[in-house]
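The residues making up each chain are set out below.
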Amino acid sequence: MKLAHRSARMAAPIAALVVAGLTATACAPESSDNSGGKDEKSGTLRVWLFQEVTNAPKEKVVDGVVTAFEKAHKGTKVDVQYIPVETRAEKIKAAFNDPRSAPDLIEYGNTDTAGYVKDGGLADVSEEFTDWSESKDTDPTAKQSVTVDGKIYGAPYFVGVRALYYRTDIFDDLGLDVPKTQEELISTAKEIRQAKPDLYGLAVGGAYTYGAMPFIWSNGGEIAEGKGGSYASTIDSAAAQKGIKAYTSLFGDDNCPAAKCAGMGGNDTVTAFASGKAAMAIGGDFSHAAIEAGKVKGKYKVVPLPGVKSGEIAPAFAGGNNLGVLKSTTHRTLAVDLMEQLASKKTQDALFDAMGFLPTFTDVRQDVAKREPFVEPFVKTLGAGAKFVPASPAWSQIDASLVLPTMFQEVVSGRKDVEAASKDAAKKMNDAFSSAG
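Quick caveat: nothing in here was measured; it's all calculated off a predicted structure.

A. Here's a closer look at the overall build of the chain. Scanning the chain from terminus to terminus reveals 19 helices and 13 strands. Taking 437 residues into account, the globule formula puts the C-alpha radius of gyration at 22 Å, and the chain, at 22 Å, falls close to it. The principal-axis extent of the C-alpha atoms belonging to the chain is close to 70 × 50 × 35 Å. Counting only residues that meet the buried cut, the chain has 57% of its 437 residues in that class. Computed over 49 positive and 55 negative side-chain charges, the inter-centroid distance for the chain is 1 Å.

Below you can see the structure in the form of structure tokens.
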């Protein structure tokens, strides 16, 4: 039985919405592919969500959803546990291997999807997701992050994207225009450094993969391409090499000295900007609170990161989290229903107000952008077309073994030229893709 989901009620005040009145959906279709072997319609549902730095606002939103869900499903209790993000890999892997101790529903990082599917941990919810009335408004890139080989393994929960933060006071002082192309961005960064040697023009990091990728993507490069049911690296293509050259040209005494910046990651570059040590930085919508708490409060603005041509927006990596039902659940129908309630338009709207999480629904995202001006450049960036990592279980290995940061650092240090470093990175990536099958 399927009932229409209630559309989101957009609230004007910037405060967590009360979601206790959330209308619960009725029975989702049962699946014959249920490793749990049962589909019980009552009992206890176990849920693992990520523990945030400040978790109370998230808990308040989730508690409202849970209260409404339990009220709508007599004899059902929901046990929510908040787990540390840092140790999620071991904990979730253990749950896949021991169904008796496993939760029914989990929050997971969107780059983990393919690996978890390969491990046999996530249930295929393609039919239920397609039948869910709200899913039609899901951002295509967010939907891609729950999709492996054409099958859907969860619901997007929130998305994060990066844009260009810049110091308005420094730009005014030096009479600079906001860069409209990648070339202008690089020359402006170096102009600032020359005028103010105590500042990084644009804070960059050799370990900041997702700050570097827009330069590769905007030049027509890709990380990898699908090949024979697997992937093959294209990080050494001519277009990708052009992007690598553009990004690594920002490391040096004329912008961000390699000795200090080669080892920096994304958090380091945001910290440099927030503390007043950089005139520009590539930061996320999720960086806003940290920058507001820094020395530059009231002295900065945000615009989409420019692409190669004037008026173009460089493609950004679409990060974020998803919710997924475990294959081992003995409460599949209930778990899918709760997943849709926790990922609904109304709940995502509430989570934006509570936590600043960007919604994965395009209509809800437009609404929050009207309420909170700082969101607009990030929404524009997503609207221009964000990118995602290869949907391969090998990606977590490539990421963990620092293949791309090593490539950038080899170029920045002068140990290898772009061609040699990118070819070595491509070989390491292809070895990982091959071993993943």
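B. The arrangement of the packing of aromatic side chains in detail. Tallied over the full model, the rule gives 17 aromatic pairs. These aromatic residues form a ring-pair network of at least three members: Y165, F273, Y300 and F378. Cation over ring: K91 sits above W48, and NZ or CZ is 4.6 Å from the ring centre.

C. How the structure looks around the pattern of salt bridges. Per the counting criterion, the structure on display carries 25 salt bridges. For the salt bridge of E222 with K387, the shortest nitrogen-to-oxygen distance reads 2.5 Å. With E222 in the loop between α8 (209-218) and β9 (224-227) and K387 in the loop between α16 (376-383) and α17 (394-400), the pair connects residues that are 165 residues apart, well separated along the chain. Residue classification places E222 among the partly exposed positions, given a relative accessible area of 32%. The closest approach of N and O atoms between D236 and K423, which form a salt bridge, is 4.0 Å. Separated by 187 residues along the polypeptide, D236 in the loop between β10 (230-233) and α9 (238-248) and K423 in helix α19 (residues 418-436) bring together distant segments of the chain. Among the charged side chains, a salt-bridge network with shared partners connects K136, D137, K345 and D363.

D. The arrangement of the sheet that holds strand β1 (residues 43-50) in detail. One open sheet holds the five strands; their spatial order is β2-β1-β3-β13-β6, and the pairing between them is mixed. Where the open sheet ends on each side, the last strands, each with one partner, are β2 (76-83) and β6 (155-160). Between one strand and the next, the sheet's axes are offset by a mean angle of 20 degrees, whatever the strand orientation. Here strand β3 (residues 105-109) pairs with strand β13 (residues 319-325) via five bridges, running antiparallel. Bridging from a neighbouring strand, E107 pairs with L323 of β13. Against the sheet, helix α1 (residues 56-72) makes contact with β1, β2, β3 and β6, and its axis sits at roughly 165 degrees relative to β2, the strand it touches most.

E. View of empty space enclosed by the protein. Taken as a whole and assessed by the stated rule, the structure comprises four cavities of 30 Å³ or more. Roughly 50 Å³ of internal volume is contained in the second largest cavity. Lining the second largest cavity, in full, are N110, T111, T113, A114, Q144, S145, T147, F388, V389, P390 and A391. For the lining of the second largest cavity, the residue count by class is five nonpolar, six polar and no charged.

F. Region of interest: the pairing of β2. Relative to β2, β1 runs parallel, the two being bridged by eight bridges. When the sheet's bridge partners are listed, L45 is paired in β2 with V78. In this region the chain leaves β1, passes through α1 and returns to the parallel neighbour β2; the handedness of that crossover is right-handed.

G. Geometry of the nonpolar core. L202, I235, M280 and L338 are the most contacted members of the largest nonpolar core, which has 135 residues in total. At eight residues, the largest contribution of residues to this core is made by α19. Among all residues touching L338, those that are not within four sequence positions of it are L45, V47, V65, F69, V78 and L105.

H. The side chain of N219, seen in detail. You can see N219 is positioned in the loop between α8 and β9. Judged by its relative accessible area of 16%, N219 falls in the buried class. In terms of polar contacts, N219 uses its side chain to reach the backbone carbonyl oxygen of F215, at 2.7 Å. Residue contacts for N219: discarding those within four places in its chain leaves Q182, A239, K242, G243 and V308.

Conventions we followed
Residues numbered from 1 in each chain as written. Predicted model: local features only at pLDDT ≥ 70, side-chain atom pairs only at ≥ 80, totals over all residues. Heavy atoms only, no water. Helix = DSSP H or I, 4+ residues; strand = E, 2+ residues; numbered from the N terminus. Rg over C-alpha atoms; globule rule 2.2 N^0.38 Å. Buried < 20%, exposed > 50% of the residue type's maximum accessible area, 1.4 Å probe, protein only. Lys, Arg positive; Asp, Glu negative; His and termini not counted. Charge placed at Lys NZ, Arg CZ, Asp CG, Glu CD. Phe/Tyr/Trp six-rings, centres within 6.5 Å; stacked < 30°, edge-to-face > 60°. Lys NZ or Arg CZ within 6 Å of the ring centre and 35° of its normal. Salt bridge = Lys/Arg side-chain N within 4 Å of Asp/Glu carboxyl O. Pairing = 2+ DSSP bridges. Axes fitted to C-alpha atoms, helices over the stretch in contact; angles between N-to-C directions. Contact = heavy atoms within 4.5 Å. 1 Å grid on protein atoms, 1.4 Å probe; cavity = no way out; pocket = protein on both sides within 12 Å on 5 of 7 lines; lining within 4 Å. Points joined across faces, edges and corners; volume = space filled by probe spheres on them. Nonpolar A, V, L, I, M, F, W, Y, C, P; charged D, E, K, R; others polar. Right-handed = clockwise from strand over helix to strand, strands pointing away. Core = buried A, V, L, I, M, F, W, Y, C linked by side-chain atoms within 4.5 Å. Polar contact = N/O pair within 3.5 Å; in protein donor to acceptor, adjacent residues only side chain to side chain.

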